[in-house]
Amino acid sequence: MTLNKNPGSVALLCLLISAQAFPLTAAMDIPLEVLEQANIEQPPTITSQAASPIVAFQPDENFAVTCEAKGNPEPEFRWTKSGQEFDPLMDPRLEKEDHSGTFVIPKNGNLSEFQGTYRCYASNNLGTAISEDMDFIVPNVPKFPKEKMDPIIVEEGEAFILECNPPKGIPPLQIYWMTIRLEPIEQDARVSIGLNGDLYFSHAEEKDSRRDYCCFASFPMIRTIVQKTAMSVVVNTKKSKSDTSSDAANAILERKPSLLTPPDVRSEKQLVKGEDLELECIAEGFPTPIIKWEKLGHKLPDKARVEHHGKLLVVPSVDEGDNGKYMCKASNSHGVAQHFFTVTVEEPPEWVQEPRSQLHTIGSDIHIKCSATGSPPPVITWRVNGVPLEDAPAAANRERLGDVIVLRRATAGNSAVYQCHASNRHGALLANANIMIMNLKPRFLTPEGREYSAVEGKAAILHCNVFGSPPPSITWSRDDSSGAVEGPRFTVHRNGSLEIRVVERGDMGEYRCLTNNTEGTAAIAATLAVRDPTRIIVSPEDVQILAGSAAQLSCSAEYDKSFNNDFELLWEKDDMEIASNQTEDSRYFVEDGLLQISNVSYEDQGRYTCVARTSIDQDRAEAMLVVLDVPDAPTNLVLSEHKNRGVKLKWSPGEDHGSSTTEFIIEYEEGQWEPGKWKELVRVPGNHGSALLKLHGNVDYRFRVAPLNAVGKGRPSEHTERYKTPPAAPEKNPENIKIEGHLPYEMDINWEPLLPIEHNGPGLEYKVSYRRQDLDEDWKEHTVKRHSFIVSATPTFVPYEIKIHARNQQGWAPEPRIVSGFSGEDFPSAAPDNVTVEVMNSSVVKVSWGRVHKDKLHGHLGGYRVNWWRLRSRTDAKKKGQHGERHTHAFPGDRGHGLLPGLTPFSEYSLMVMSFNGRGNGPGSHVVTFRTPEGVPEKNSAFRVMEVQKHTISLAWSPPREPNGILTGYQLQYQLINDTEGLGPLQTVNISDPAATKLTLKDLEALSRYRFYLRSCTTVGCGHTVTEDSTTTAKERLGNAHQGISTQGWFIGLMSTIALLTLILLIACFVNRNKGGKYSVKEKEDLHPDVESQGMNDDTFCEYSDNDEKPLKGSQRSLSGQMAGGESGDSLVDYGDQEVQFNEDGSFIGEYAGHKDKRVSTEIKGPAQAPA
């Protein structure tokens, strides 16, 4: 299909009409653009006028009285106001627009001066067009007249009317009756407001006495509400001051009805079709009459409604079928009053045939027809150029025949604007018809040399829009042929266009359109280019997707390269183009043929079309997007087939949203025990629409249905009405009966009670029955309301049979089942014997014992319990005889041995064994003592790097807390760590002295990182490893034994500050003390130089390391670097003979006991040296 996107494009669709030129006498409409391009004179045509009436509702706005017209020459405008000539230019207050008939009435000033009926006349040398009447209305503010209202005095039981008489104003009018406090006067069958605004009372009552009856008239169009002076009503009651009898109090005269409105017996009502019919009958009488309505000979229309307590009959939007006679009947126990309405529905004028503009050649016969319908029938009058036909200049060839004006053998002088006016009492119509008589040679409206593009295999249309009078004939030819274009693929349409069906490559080239009439001949040329078709090569595919996720559709196409700047690929949903990427919150995103939809909802489901389009053709491909979501809630729930404790529930399934419903979940809520809580009752297959529900008795149910599909559970339906089942006997007995004995001579019976909904009726209780199982005895029974019972004075641990039977006021549940149990247990009375211990390894032993006889258990055997405690470590003789922490381990069941894991190696233990049942532990066996063999030590409790030099690192450690045997020494291993965290070969140093606590490794590489591993050893083997990392320095530094917080930067700074402050204080003291002495402070400072100050001037600092901070190359250095490495006052080297201890964080906690000449020290040179 070819789209007209530019002047050179070819339309793919057009209206196909016959190819013959216009008949000479045919009438035709003349578009304005045709006349302008052909420079043809045209009579005026009213194109726009103000809607009537123009009501000056807002006095703060200007009011435009619009009149616009077209014509050639340009029309001139004049106005009449209320039948008199009116020139807007003569009034300087009016704003007038150039080349327009419109004038504007300003908002300031006295608007009432401009009130009237306006008509616009647009004229040129060919005629005059006139507008419809435009009424400009300046509404006055309606007001009630000021008047003094005397009280209205009525006798109780009499009818009376309060008149409103609202002022006139712009409709609609709304009447309200209220008190001074704006409280509405209550209306009922006795009191009502009539259509005329009056307040009617069918009979007076004492409560009607009040002084503030106010009528309010509301005019919404002008936003005005006015109030009438309040009226006072006094009702004289029949009851005298001395008479208190009820007969006197109710002595109101009863009477038959009579109509307060409308008066007389008959009335007529005329309406315009489409209006609302309102018939009113308000009656008085006592008792208050009842009003009924009838349509004589017919039933009341279905659309009719009765309002105002039966006093008003409303038939909306009446038509001819509502014509007829209506009757209202007011009746009470004393008689009837009637009124008859004759209703006539009439219509304003409507066009049957509106006169239309025509163009004819000179000498033609012209018929101008105008007819209208209405009720009563409208009167048709004619005007010529705005002048009544009878007053217009005479024309010998013009005559009126009924509703037709005929021009015979028309001449150019008969050109004019004819107006037809149709009116009745309900309205008027006005139509202008431009009649043009002329001869004109052909004039082309299609530009010369237009270029067209068409797609091979599709249709093409070449335009030849020509105008002439008489209508010219048109032929087409090719540039290489003088003959007309012929063949089944070529058609010349009545509008002159050439259609080529199924374009071929050979159709490319130049074409000529030739036209002629009696006045002359003309021709234009056109060029046709044939292009490759646009074709979608990748079509979108159908998609099923879950709601809330993102969907994606893709599409690509190929097209003729000449359309590179005129090709677009767009998407449509259900034939509506998707406007994507236009807002920040848009969920659609389109880019390069890809359509993405975020947060898919069910509204996104539909048919998506990829449209590949150029200026002359397009291709389309469709795909369905199905959004899978939970089903919609079922509807139309109905309960039927009510039985004692059963009901049938029916429902209508909701939309399943692309995933079939698999199940319906029927839920219930009861209003007594857990109101508002919904519980599942039953599930039925998804292809069912009903279910028979088995219910409990004496429950006030309501139900709802929730759908379920593969996506999930949908919203539940609305609930049903309440349905209460009758009471019934319980359907089941208690379950989960438990028999326990907390005391030796009692038996506790507990059970799971019936749920409240399972009671099936009031008065639920339980009958507890029990008997000895080992004896032949009768059942003993007790009735309880709770869900437990205690049987007292029972033998210890004997078998019983028990059953629990439920009942309510309606009867017993089915026979219960019997369960067995035992009475209360007592403690076992005997201890296990023959207790032995077999050592399995250094931490596990096997304990064996002789079982206790069942007669001594006095209950259900729970198992055997072993209690054990550690006496001492075999390396520490001092703690012998002391008990460690007690441990226990239970071995359930009837067994004679068990394993005790987790013992400490190389220790001495004691244990004892006892049995236990539900009551508790029995007596313990005799105590058995045993020893565990030697094992491997635990980890060393401390391992630290104490000093680091260029080629040496000093290490220190403390022994393990639990050696688990006799220590034989230590195993130290270390290896180099390179920059990529790779590990070098592992070097091992065996330390055979168990008393050693430090070691210095020598011949290490400078500026290298090492990892150290330390394990303690016994004769069994070496234990777990502790590790530490350290890095050697770039050059030798002074020793520093403390590697704790003393090497932290903040600590060094703090100590330096304290030292400086101390120095200043000492200097101050020296100066103060030596005032007047024989030598100056400077001399004293020279004699006693400050050691710390000298140390601060040294450029050499030592590296440091601790457990938390592993220093690498270039780390901070110690402030004590001036001291010699072997003279460190805090070095652990000076305390080699002492017992060295460390906290868990590695801090040194040993006491300095003085320097000793001989110290235990081990130094290693290089990785291959043995301990010294």
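Note that the structure is predicted; figures quoted are calculated from it, not measured.

The number of helices and strands found in the protein is five helices and 88 strands. Contacts in the protein between residues far apart in sequence, at least 24 positions, make up 65% of those at least 6 positions apart. A total of about 61,500 Å² of accessible surface is found on the protein, and carbon and sulfur atoms cover 49% of it.

Attention now goes to the nonpolar core. Within the largest apolar cluster, 24 residues are counted, with the highest numbers of intra-cluster contacts made by Phe160, Leu162, Ile175, Trp177, Leu199, Phe201 and Tyr213. Of all elements in the fold, only β13 (160–162), β14 (174–178), β15 (191–193), β16 (199–201), β17 (210–219) and β19 (231–236) reach the threshold of two or more residues within this core. Beyond its immediate sequence surroundings of up to four residues, isoleucine 175 is in contact with Cys164, Pro166, Ile193, Gly197, Cys215, Phe216 and Ala217. Ile46, Ile105, Tyr118 and Ala129 belong to the second-largest nonpolar core, a separate cluster that totals 23 residues.

Overall, the prediction assigns the protein a mean pLDDT of 83, with 84% of residues at 70 or greater. Per-element confidence in the protein ranges from a low mean pLDDT of 34 for strand β86 (residues 1102–1103) to a high of 96 for strand β73 (residues 845–850). In the model, residues 1–29 has pLDDT below 50 throughout and makes 80 contacts with residues more than four positions away in sequence or in other chains. The model gives residues 1076–1172 a pLDDT under 50, and that stretch makes 170 contacts with residues more than four places away or in other chains.

To continue, consider the state of the cysteines. The tally for this structure, following the rule as stated, stands at seven disulfides. Between the sulfur of cysteine 164 and that of cysteine 215 lies a disulfide, 1.9 Å long from S to S. The S-S bond linking cysteine 164 to cysteine 215 shows a torsion near -65 degrees; that makes this disulfide left-handed. Of this pair, cysteine 164 sits in the loop between β13 and β14 while cysteine 215 sits in strand β17, and the two are 51 residues apart along the sequence.

Here the focus is the packing of aromatic side chains. The geometry of an aromatic ring pair is captured by the separation of the ring centres together with the interplanar angle, meaning the angle of the planes. Counted by the stated rule, this structure contains 24 aromatic pairs. Pairing tyrosine 1010 with phenylalanine 1012 gives two aromatic rings, centres 6.4 Å apart and planes at 25 degrees, and the pair type is stacked. Since its relative accessible area comes to 6%, tyrosine 1010 is described here as buried. One cation-aromatic arrangement involves lysine 767 over tryptophan 812; the distance from NZ or CZ to the ring centre is 4.9 Å. The ring of phenylalanine 916 is capped by arginine 865, whose NZ or CZ atom sits 4.3 Å from the centre of that ring.

Note on placement: asparagine 636 falls in strand β57 (residues 635–643). Using a relative accessible area of 58% as the deciding quantity, one classes asparagine 636 as exposed. A C-alpha to C-alpha distance of 5.8 Å links asparagine 636 and serine 652, two positions 16 residues apart in sequence. The contact partners of asparagine 636, leaving out residues within four places of it in the chain, are Lys650, Trp651 and Ser652.

Take a nonpolar patch on the surface next. On the surface, Leu1054, Met1055 and Ile1058 cluster together into a nonpolar patch covering about 240 Å² of accessible area. Note that isoleucine 1058 resides in helix α3 (residues 1049–1073). Isoleucine 1058 sits in the partly exposed class, given a relative accessible area of 42%.

So, on to the sheet that holds β13. Pairing within the open sheet is antiparallel, and its three strands lie in the order β13-β16-β15. Sheet topology places β13 and β15 at the edges, where each strand pairs with a single neighbour. Between one strand axis and the next, the sheet turns through 20 degrees on average, direction left out of account. When β13 meets β16, the two strands line up antiparallel, connected through three bridges. Looking at the pairing, leucine 162 lines up with leucine 199 of β16.

Attention now goes to unusual backbone geometry. Looking along the chain, the bond that leaves proline 171 and enters proline 172 is cis, with omega of 5 degrees. Relative to the assigned elements, proline 172 resides in the loop between β13 and β14. With an omega of -5 degrees, the peptide bond running from threonine 261 to proline 262 counts as cis. With phi around 55 degrees, asparagine 736 is a residue other than glycine that occupies positive phi space. Within the secondary structure layout, asparagine 736 lies in strand β64 (residues 735–740).

This part takes up the pattern of salt bridges. Scanning the model with the defined rule gives 53 salt bridges in all. Residue lysine 303 is joined to aspartate 322 by a salt bridge in which the shortest nitrogen-to-oxygen separation is 3.3 Å. Highlighted residues: lysine 303 in the loop between β24 (290–295) and β25 (305–307) and aspartate 322 in the loop between β26 (312–315) and β27 (324–332), separated in sequence by 19 residues. Judged by relative accessible area, aspartate 322 falls into the buried class, the value being 4%. The shortest N-O distance in the salt bridge between lysine 732 and glutamate 735 comes to 3.8 Å. Its relative accessible area of 30% is what places lysine 732 among the partly exposed residues.

Cut-offs applied
Residues numbered from 1 in each chain as written. Predicted model: local features only at pLDDT ≥ 70, side-chain atom pairs only at ≥ 80, totals over all residues. Heavy atoms only, no water. Helix = DSSP H or I, 4+ residues; strand = E, 2+ residues; numbered from the N terminus. Contact = heavy atoms within 4.5 Å. Areas by Shrake-Rupley, 256 points an atom, 1.4 Å probe, with all protein chains shown as cover. Core = buried A, V, L, I, M, F, W, Y, C linked by side-chain atoms within 4.5 Å. Buried < 20%, exposed > 50% of the residue type's maximum accessible area, 1.4 Å probe, protein only. pLDDT = per-residue confidence, 0-100. Disulfide = S-S within 2.5 Å. Phe/Tyr/Trp six-rings, centres within 6.5 Å; stacked < 30°, edge-to-face > 60°. Lys NZ or Arg CZ within 6 Å of the ring centre and 35° of its normal. Patch = residues over 30% accessible without salt bridge, like charges linked within 9 Å, V, L, I, M, F, W, Y side chains within 5 Å. Salt bridge = Lys/Arg side-chain N within 4 Å of Asp/Glu carboxyl O. Pairing = 2+ DSSP bridges. Axes fitted to C-alpha atoms, helices over the stretch in contact; angles between N-to-C directions.

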